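Results of the structural survey
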Amino acid sequence: MSGPECCSNPPILNPNSGVGHVEKLGGLDTYVTGSSHSKLAILMVSEVFGYEAPKLRELADKVAATGYYVVVPDFLHGDPFAPENATRPLPVWLQDHEPSIAFEDAKPVIEALKHKGVLAIGAASFCWGAKSVVELAKSGLIQAAVLLHPSFITLGDVKGINIPIAVLGAEIDKYCPPELLKEFEQLLTAELGVDCYVKVFPKVSHGWTIRYNIEDEMAVKAAEEAHQNLVDWFAKHVKCGVLIISIILTSGVSELTLICRFSISSVS
């Protein structure tokens with residue numbers, strides 16, 4: 001499953017990148033950013049290069065600025081993939097990092113978030129992280145999900161998802177080609193009745209949302225568009241959900257539709 005798409009333009013890892021900081025959460029070293037008092041949290045699951053990738057943390061900071069407590073755990077346990085290591089190519093590395101393993105590791109992280117008072121959680125994944133977020137989307141532990149250029153997932157994996165999910169894919173992607181994305185969409189909407197949004201970005205390759213060339217104007221624009229899609233999806237399905245809970249507790253249900261619509265438009 002290794003190839004140039006998966007490993008092109010690898011990030012230069014920097015443990016000090018981002019405006020947030022690293023702390024233990026659910027037993028894992030975790031990059032956290034945004035207000036820890038927020039009732040809304042976004043869990044991000046990295047690609048094979050791990051949680052110290054600067055563009056990943058930059059996106060976490062961007063999402064946090066819209067009102068979320070964003071957490072990016074080190075699901076790779078200090079062992080990110082290193083393309084320059086010729087004795088450990090991706091297939092060998094994957095033997096020690098099966099893509100679904102982060103699902104179990106995410107459970108104590110989610111429990112820790114709830115202990116902090118978080119009421120709603122969205123999860124976003126990149127490449128390798130997709131499998132674990134798909135499993136979370138079937139577990140009842142999160143309220144919404146976004147998969148960005150996913151890898152290692154099949155139609156069989158998607159069956160059982162019962163929460164709103166967005167899938168943002170690339171036109172040039174052998175790991176999750178547009179044809180497979182369309183099959184996901186059909187299964188999720190027609191057969192499972194899930195609120196689903198599938199988008200194929202033209203002229204970009206696998207990994208484009210967090211491994212883009214900053215000197216390539218088109219690449220930057222495509223990445224920023226995907227980032228906004230992510231923010232909009234969580235505004236609709238995480239932020240609005242907490243408003244509904246709050247309104248039920250304080251005002252009854254008569255004003256739900258009006259206030260929820262206002263929430264979505266105000267953050268778009």
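For the structure given in this document, a descriptive report is provided here. Quick caveat, the model's predicted, so the values are computed rather than measured.

Focus: the nonpolar core
If you look at the biggest cluster of nonpolar residues, it comprises 52 residues, and the most contacted ones within it are L43 and W128. Counting residues per element, this core draws most heavily on helix α4 (residues 101-115), at seven residues. Excluding anything up to four places from it in sequence, L43 contacts V71, P73, F75, A106, V109, I110, G122, A123, A124 and L136.

Side note on the environment of E104
Mapped onto the secondary structure, E104 falls in helix α4. The partly exposed category is assigned to E104, whose relative accessible area is 45%. Along the primary structure E104 and L136 are separated by 32 residues, whereas in three dimensions their C-alpha atoms are 9.2 Å apart.

Digging into the layout of surface pockets
Within this model, the largest pocket holds a volume of roughly 190 Å³. What lines the largest pocket is a set of 14 residues, and nearest its centre among them are S205, W208, R211, Y212 and A219. Secondary-structure elements contributing two or more residues to the lining of the largest pocket are β8 (196-205) and α8 (217-250). Among the elements that line the lining of the largest pocket, the one with the most residues is β8, at three residues. Here the residues of the lining of the largest pocket sort into five nonpolar, six polar and three charged.

Digging into the sheet that holds strand β4 (residues 69-73)
Strand pairing within a sheet occurs via backbone hydrogen bonds; the two strands may be parallel or antiparallel. As summarised here, the arrangement of the eight strands in space is β1-β2-β4-β3-β5-β6-β7-β8, forming an open sheet in which the pairing is mixed. The open sheet has two edge strands with one neighbour each: β1 (21-25) and β8. Strand after strand, the sheet turns through a mean of 25° between neighbouring axes, direction not considered. For strand β6 (residues 144-150) and strand β7 (residues 165-172), the ladder comprises four bridges, and the chain directions are parallel. Looking across to β7, one finds that L147 is bridged to V167. Across the sheet, helix α2 (residues 54-64) lies against β1, β2 (28-33), β3 (40-45), β4 and β5 (120-127), angled at about 50° from β2, the strand it touches most. In the packing of helix α7 (residues 178-191) onto the sheet, the strands contacted are β7 and β8, and the crossing angle to β8 comes to about 175°.

A short note on α4
The largest bend in α4 amounts to roughly 30° and is located at K107, with the proline P108 lying one to four residues further along. Listed in full, the buried residues belonging to α4 are A102, F103, D105, A106, V109, I110, A112 and L113. After α4 finishes, the residue G117 shows a positive phi value of roughly 100°.

Re the pairing of β3
Within β3, six of the six residues are buried, which leaves the element mostly enclosed by the surrounding structure. Here β3 shows two buried faces, one formed by L40, I42 and M44 and the other by A41, L43 and V45. With six bridges joining them, β3 and β5 adopt parallel strand pairing. When the sheet's bridge partners are listed, V45 is paired in β5 with S125. Strand direction decides the pairing type here: β3 and β4, joined by three bridges, are parallel. Bridged to I42 within β4 is V70.

Focus on the pattern of salt bridges
Counting across every chain of the model gives ten salt bridges. One salt bridge connects D96 with R88, and the closest N-O pair in it is separated by 3.3 Å. Here D96 falls in the exposed class, since its relative accessible area comes to 51%. Taking the shortest distance from any N to any O, the salt bridge between K236 and D195 comes out at 3.9 Å. Placement of the pair is K236 in helix α8 and D195 in the loop between α7 and β8, with a sequence separation of 41 residues.

Reading the values: rules and limits
Counting starts from 1 at the beginning of each chain's written sequence and moves along it residue by residue. In keeping with the predicted nature of the model, local features appear solely for residues at pLDDT of at least 70, side-chain atom pairs appear and are counted solely at 80 or more, and the whole-chain, interface and lining totals rest on all residues. Values shown for side chains rest on all heavy atoms present in the structure; no hydrogens or waters enter the calculation. As used here, the term nonpolar core means buried Ala, Val, Leu, Ile, Met, Phe, Trp, Tyr and Cys residues forming a set that is joined through side-chain atoms within 4.5 Å. Relative accessible area decides the class of each residue, using a 1.4 Å probe on protein chains only: under 20% of the type maximum gives buried, over 50% gives exposed, and in between gives partly exposed. Helix numbering and strand numbering both begin at the N terminus, where a helix is a DSSP run of H or I of at least 4 residues and a strand a DSSP run of E of at least 2. Contacts are assigned to residue pairs that have any heavy atoms within 4.5 Å of one another. The method works on a 1 Å grid over the protein atoms by themselves. A cavity is a set of points holding a 1.4 Å probe that cannot get out, a pocket is an open set with protein on both sides within 12 Å along at least five of seven lines, and residues with an atom within 4 Å of a point line them. Grid points are joined across faces, edges and corners, and a volume is the space filled by probe spheres set on the points. Nonpolar residues are Ala, Val, Leu, Ile, Met, Phe, Trp, Tyr, Cys and Pro. Charged residues are Asp, Glu, Lys and Arg, and all others, Gly as well, are polar. By definition, two strands form a pair when at least two bridges between them are found by DSSP. Interaxial angles span 0 to 180 degrees and are taken between N-to-C directions of axes, which are lines fitted to C-alpha atoms, for helices over the stretch in contact. Note that the bend at a residue is defined as the angle between axes fitted to the seven residues ending at it and the seven residues starting at it. Each salt bridge in this description consists of a side-chain nitrogen of Lys or Arg and a carboxyl oxygen of Asp or Glu lying within 4 Å of one another.

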